[in-house]
Amino acid sequence: MDQGPQDACGVFGVWAPGEEVSKLVYFGLYALQHRGQESAGIAVSNGRQILVYKDMGLVSQVFDDSTLESLKGHLAIGHSRYSTTGASTWQNAQPTFRPTDDGSIALGHNGNLINAHELREMVAALPGPTGQLDLHGRGVEESTNDTSLVTALLAHHPDTSLEQRALEVLPALRGAFSFVWMNEHTLYAARDPQGIRPLVLGRLDRGWVVASEDSALATVGASVVREVEPGELIVIDENGLRSHRYADPAPKGCVFEYVYLARPDATISGRSVHQARVEMGRQLAREYPVDADLVMPVPESGTPAAAGYAEESGIPFGQGFVKNAYVGRTFIQPSQTLRQLGIRLKLNALEHMVRGRRLVVVDDSIVRGNTQRAQIRMLREAGAAEVHVRISSPPVKWPCFYGIDFATRAELIANGLDVDEIAASVGADSLGYISLEGMVEATGQAPSDLCLACFTGEYPIPLPDESLLGKHLLEVSLSSPAGRALPVLNNP
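Keep in mind that this is a model prediction, so the values were computed, not measured. (Residues numbered from 1 in each chain as written. Predicted model: local features only at pLDDT ≥ 70, side-chain atom pairs only at ≥ 80, totals over all residues. Heavy atoms only, no water.)

Undergrad: What is the right way to read the overall build of the protein from this model?
TA: If you tally the helices and strands in the protein, you get 17 helices and 23 strands. Considering only contacts within the protein whose residues lie at least 6 apart along the sequence, 73% involve residues at least 24 apart. (Helix = DSSP H or I, 4+ residues; strand = E, 2+ residues; numbered from the N terminus. Contact = heavy atoms within 4.5 Å.)

Pasting the structure below:
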């Protein structure tokens, strides 16, 4: 099976003297685990120094009580990662860390920058690390992600404040970014001028919180204040909250946040994600009706849209798949024998629900088609009479360079086949994708305020040459004599 679209990361930050900030970040990251499952990390400041703890794996695998108890302070940031630039390695886990002339900074990033090649050259042009801690002798491998480049640029501010340096660096960045970062005393948050990835500001009784989604604020008992605006830098310290507008806003929020990426209980730009998904299902039923006996979702991503389809069509809603709730990201690959046996870790068909029935199977997207092909085969083996697939997004034909890890364009099944051919390829009796207009209308947003590039190929931020894009661009440059990638300066 292939993976569906994967988001870049979840970020969380808290400034709250007197609170157990590391535990607040832990539970915030737990609520954002769906946004990244490769690695997790927390950075904490006690006013004198920043400690960073990170590792590969889920939030619950990386941290335990004793670790969190050791991370004492009044200010912390956290990060859960899915890699979109740089390999999935410990060296690329976040928050990144960098010493400066007057302290240090740690940074977490949700999104993806498209001018990493330019940023690498800017880092190479910086003066040598005079006055910085010499950590190069630890034998730590070099990191290869865009976040480390930004961290290095921010860390170099010998004649000005970090706040002023951020106002110089942020306008030079191109692509999608929702940043949280910190020095020993101050929490910072910034969002790209297009606002592609979400970022929300919240209030605690004794502090402030920033998070990728407002659902994470609710988890830690924070009230929502507002979204961080596109092109805005927020600074929080003992003097309160300050806001800077470093660029004019040009909103282009990612429509896939509504389709799949965000939690259903999130609200983005005033629109409930769950309501948007239910409405996408209703619209699907209007656009692609079919005679059937049962509407069933592919859990969990297809559930709200399936409910909407059932409401609009009048066909009963039911569960045709059972999902193993304890399957996260597995690093253990099945052997060839187990693959041939058809090992099914995540889903199994409920035979008594599907046998002899005409099914409408609702999911959020089709990427390569391998997953849907396996699911339909499973339903056929369980005795389904007909399988009609309905998808709550249009055909994905273009890769994302702003923080979603789709397949390459050559691998996207909709790029080479029409709808009928895709239906035949995955084994469906019929296939219907929601129209672009129907999906956009369900979000409640103006089409001009959304990024639709993965469906239309129209990228709101102009892309550089293809040779300067790609998940492993900086790994390639690291092995090149002409390239100079940035060394990781994190706790090994």
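Undergrad: What is the right way to read the side chain of Arg 277 from this model?
TA: Residue placement: Arg 277 occurs in helix α9 (residues 273–287). Although buried, Arg 277 forms no salt bridge, and the nearest oppositely charged side chain, Glu 257, lies 6.6 Å from it. (Buried < 20%, exposed > 50% of the residue type's maximum accessible area, 1.4 Å probe, protein only. Lys, Arg positive; Asp, Glu negative; His and termini not counted. Salt bridge = Lys/Arg side-chain N within 4 Å of Asp/Glu carboxyl O.)

Undergrad: Is there a simple way to explain the nonpolar core in this structure?
TA: Most often, soluble globular proteins keep nonpolar side chains buried together rather than apart. Of all hydrophobic cores here, the largest spans 48 residues; its most connected members are Phe 256, Met 280, Val 295, Tyr 309, Tyr 402, Phe 406 and Met 439. Here this core takes five residues from α9, the largest share from any one element. Beyond its immediate chain neighbours, meaning those up to four positions away, Tyr 309 contacts Gly 281, Arg 282, Leu 284, Ala 285, Tyr 288, Pro 289, Val 290, Val 295, Val 360, Val 362 and Arg 390. Counting residues in each nonpolar core, the second largest holds 27 residues, with Phe 12, Val 209, Ala 216 and Leu 217 among its members. (Core = buried A, V, L, I, M, F, W, Y, C linked by side-chain atoms within 4.5 Å.)

Undergrad: Before we go on, may I ask you to explain the packing of aromatic side chains in this structure?
TA: Any pair of aromatic rings gets described here by the distance separating the centres and the angle formed by the planes. Counted under the stated rule, the structure contains ten aromatic pairs. Residues Tyr 26 and Phe 63 carry aromatic rings whose centres are separated by 6.4 Å and whose planes lie at 85° to one another, so their mutual orientation is edge-to-face. Linking Tyr 26 in helix α1 (residues 21–31) with Phe 63 in the loop between α2 (59–62) and α3 (65–70), this pair joins segments that are 37 residues apart in sequence. Judged by centre distance (5.6 Å) and plane angle (55°), the rings of Phe 401 and Tyr 459 are tilted. With Phe 401 in the loop between β21 (386–391) and α14 (419–426) and Tyr 459 in the loop between α16 (453–456) and α17 (473–478), the pair connects residues that are 58 residues apart, well separated along the chain. (Phe/Tyr/Trp six-rings, centres within 6.5 Å; stacked < 30°, edge-to-face > 60°.)

Undergrad: What should I look at first to understand the sheet that holds strand β10 (residues 207–211) in this one?
TA: To summarise the sheet geometry, strands pair through backbone hydrogen bonds and adopt either a parallel or an antiparallel arrangement. Taken in spatial order, the seven strands line up as β3-β2-β4-β1-β10-β9-β11 in an open sheet, and their pairing is antiparallel. Taken across any chain shown, the strands that pair with only one partner, and hence form the sheet edges, are β3 (50–56) and β11 (223–227). Strand-to-strand twist of the sheet, defined as the mean angle between neighbouring strand axes without regard to direction, takes the value 15°. Pairing between strand β2 (residues 39–45) and strand β4 (residues 75–81): seven bridges, direction antiparallel. The residue of β4 that forms the bridge with Ile 42 is Gly 78. (Pairing = 2+ DSSP bridges. Axes fitted to C-alpha atoms, helices over the stretch in contact; angles between N-to-C directions.)

Undergrad: Help me understand unusual backbone geometry, please; the structure alone is not making it clear to me.
TA: For the peptide bond that leads from Gln 94 to Pro 95, omega is 10°, which places it in the cis range. As for its placement among the helices and strands, Pro 95 is situated in the loop between β4 and β5 (96–100). A cis geometry characterises the amide bond from Pro 299 onward to Glu 300, with omega recorded as -10°. Structurally, the position occupied by Glu 300 is in the loop between β17 (294–297) and α10 (303–313). Even without glycine at this site, Ser 269 takes up a positive phi of about 50°. Mapped onto the elements, Ser 269 comes out in the loop between β15 (267–268) and β16 (271–272). For Ser 269, a relative accessible area of 43% puts it in the partly exposed group.

Undergrad: What is the right way to read the state of the cysteines from this model?
TA: Linking two cysteines covalently through their sulfur atoms gives a disulfide. Tallied over the entire structure, the rule returns zero disulfides. You can see Cys 454 has no disulfide; the closest cysteine sulfur is in Cys 254, sitting 6.6 Å from it. (Disulfide = S-S within 2.5 Å.)

Undergrad: Is there a simple way to think about the environment of Val 228 in this case?
TA: If you trace the backbone, Val 228 turns up in the loop between β11 and β12 (232–237). Taking relative accessible area as the criterion, Val 228 reaches 0% and is therefore assigned buried. Remark: the alpha-carbon pair of Val 228 and Leu 201, spanning 27 residues in sequence, is separated by 6.1 Å. Filtering out sequence-adjacent residues up to four positions away, Val 228 remains in contact with Arg 191, Leu 199, Val 200, Leu 201 and Ile 234.

Undergrad: Help me out: how do you make sense of the pattern of salt bridges in this one?
TA: Pairing between side chains of opposite charge can happen when their charged atoms approach one another. Within this structure, the stated rule accounts for 21 salt bridges. Between Glu 279 and Arg 282 there is a salt bridge; the shortest N-O distance is 3.2 Å. In this pair, Glu 279 and Arg 282 both sit in helix α9, three residues apart, roughly one turn of the helix. Between Asp 293 and Arg 358 there is a salt bridge, and its shortest N-O distance comes to 3.0 Å. With a gap of 65 residues between them, Asp 293 in the loop between α9 and β17 and Arg 358 in strand β20 (residues 358–363) connect regions that are remote in the sequence. On the accessibility criterion, Arg 358 (28% relative accessible area) is partly exposed. It is possible to trace a salt-bridge network through shared partners that takes in Glu 279, Arg 282, Arg 286, Glu 311 and Glu 312.

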